[in-house]
Amino acid sequence: MPVEKMNLVQAINSCLAQEMERDPNILLIGEDVGVDGGVFRVTDGLQAKFGPDRVVDSPLAESGIAGTAIGMAAYGMRPVIEMQFDGFAYFALHQLVLHAAKMRNRTRGRITIPLVVRAPFGGGIRALELHCEPIEISFINTPGIKVICPSNPYDAKGLLASALQEKDPVLFLEPKRLYRAFKDDVPTERFTVPIGEAKIAREGKDVTIISYGAMTRTCLNTADNIKSEIDCEVVDLRTLSPLDEKTILDSAKKTGRVVVVHEAPKSGGFGGELAALIAEKALMNLQAPIQRVTAPDVPTPLAKLEEFYIPDEFRISRAIRAAMKF
């Protein structure tokens, strides 16, 4: 299969174009997704190719965007909506949680909502208030919605293609600091990556580091920088719900030491769920307490304090060494 160097933006754009060609029921809806190609230019060129009826510039109303898309999905369309920034998704929370996620159960399977919600995710771009909110836990805790967060262009294209075949709603989190950070070899033809399967991004024997999205890249860099001292295995979750328990537990049992890293605050964060899973099913294999490296329990700060808020290599390496010294 031919490949091309693509960044995250190009990979997602390529996937959307190919899926829209494959399925005439797919349409894009969101603020500025058409004429301007989205605030991050992820949908650039798609309105010119598919027309304004399939790439729709919406009003500035996230609840209205979600509600309209839910109705379309219930009647057989396959909408892809963009929450322009992650924090804006809270305005659509009641539509997505109370209706999209519950429709299959409410109708006992008679109606499904094949809806994909794309959201630029996480910090690291020195954005304004409400533009870098850690929204994942609100949706991971909602039965009926699948949650995906890739860490590289290849997985982004393949996972989005899989999401666009789902019968139920999918939240697709796109780490905004990775949009143009690097390029990978990505097949130019259509392909899929299975939803619900984590990936061993780096093999190791001493410590397991578990993360997702932009934090996976930080974890990989940390592992490479301390490889002369400690051999770290990095698990890239890719899908947060449903969770690949087997890959997580196999790695935890293999190394006996675990560090969980995410950008959201610690209290109530996804790291606590991962730690509980490992403690319940692999406790006797552990040689040290599970370490969590997270944001502090404070609101997402403005740009000047961002570097102190987001986990970095220093904090991750400190947690790794704490696990090794126990």
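Computed from a predicted model, the values in this text were never measured in an experiment.

1. Some words on helix 3 (residues 62-74)
Next, step 1: The first and last C-alpha atoms of helix 3 sit 18 Å apart over 13 residues, in line with the 18 Å expected at 1.5 Å per residue.
Next, step 2: If you check which residues of helix 3 are buried, you get Glu62, Ile65, Ala66, Ala69, Ile70 and Ala73. Projected down its long axis, helix 3 carries its buried residues within an arc of 130°, all on one side.
Next, step 3: If you follow the buried residues of helix 3, they end up packed against strand 2 (26-30), strand 4 (78-82) and helix 4 (93-100).
Next, step 4: Following helix 3 by one or two positions, glycine 76 adopts a phi angle in the positive range, close to 105°.

2. Some words on the pattern of salt bridges
Next, step 1: Summed over all chains, the structure comprises 21 salt bridges.
Next, step 2: For glutamate 229, the salt bridge goes to arginine 321, with nearest N and O atoms at 2.8 Å. Of this pair, glutamate 229 sits in the loop between helix 8 (214-225) and strand 11 (232-236) while arginine 321 sits in helix 12 (residues 313-325), and the two are 92 residues apart along the sequence.
Next, step 3: Among the residues examined, glutamate 229 registers a relative accessible area of 51% and is labelled exposed.
Next, step 4: The exposure class assigned to arginine 321 is partly exposed, which follows from its relative accessible area of 27%.
Next, step 5: When the shortest N-O distance is used, the salt bridge between glutamate 245 and lysine 281 registers 2.9 Å. Taken together, the positions of glutamate 245 in helix 9 (residues 245-255) and lysine 281 in helix 10 (residues 270-282) put the pair 36 residues apart, joining distant regions of the chain.
Next, step 6: With a relative accessible area of 32%, glutamate 245 lands in the partly exposed category.
Next, step 7: Note on lysine 281: relative accessible area 44%, which makes it partly exposed.

3. Regarding unusual backbone geometry
Next, step 1: For the peptide bond that leads from serine 241 to proline 242, omega is 5°, which places it in the cis range.
Next, step 2: Within the chain, arginine 126 stands out as a residue other than glycine whose phi angle is a positive 60°.
Next, step 3: With respect to the element layout, arginine 126 can be found in the loop between strand 5 (116-121) and helix 6 (136-140).
Next, step 4: Here the phi dihedral of leucine 130 falls at roughly 75°; this positive angle occurs in a residue that is not glycine.
Next, step 5: Mapped onto the elements, leucine 130 comes out in the loop between strand 5 and helix 6.
Next, step 6: Relative accessible area serves as the criterion here: at 41%, leucine 130 is assigned to the partly exposed category.

4. A word on the domain arrangement of the protein chain
Next, step 1: Under the domain assignment, the protein chain is made up of domain 1 (3-187) and domain 2 (199-325).
Next, step 2: In this structure, domain 1 and domain 2 have C-alpha centres spaced 26 Å apart.
Next, step 3: Each partner contributes to the interface: domain 1 provides 29 residues, whereas domain 2 provides 27 residues.
Next, step 4: Across the contact surface, domain 1 and domain 2 share three salt bridges.
Next, step 5: Measuring nitrogen to oxygen at the nearest pair gives 2.9 Å for the salt bridge that ties glutamate 263 to arginine 177.
Next, step 6: Where domain 1 touches domain 2, the interface holds twelve residue pairs in polar contact (both at pLDDT 80 or more).
Next, step 7: Only helix 6, strand 6 (146-148) and helix 7 (153-163) provide two or more residues apiece to the side of domain 1 that touches domain 2.

Rules and cut-offs
Residues numbered from 1 in each chain as written. Predicted model: local features only at pLDDT ≥ 70, side-chain atom pairs only at ≥ 80, totals over all residues. Heavy atoms only, no water. Helix = DSSP H or I, 4+ residues; strand = E, 2+ residues; numbered from the N terminus. Expected span 1.5 Å × (residues − 1). Buried < 20%, exposed > 50% of the residue type's maximum accessible area, 1.4 Å probe, protein only. Arc of directions from axis to C-beta. Contact = heavy atoms within 4.5 Å. Salt bridge = Lys/Arg side-chain N within 4 Å of Asp/Glu carboxyl O. Domains from an automatic or database assignment. Polar contact = N/O pair within 3.5 Å; in protein donor to acceptor, adjacent residues only side chain to side chain.

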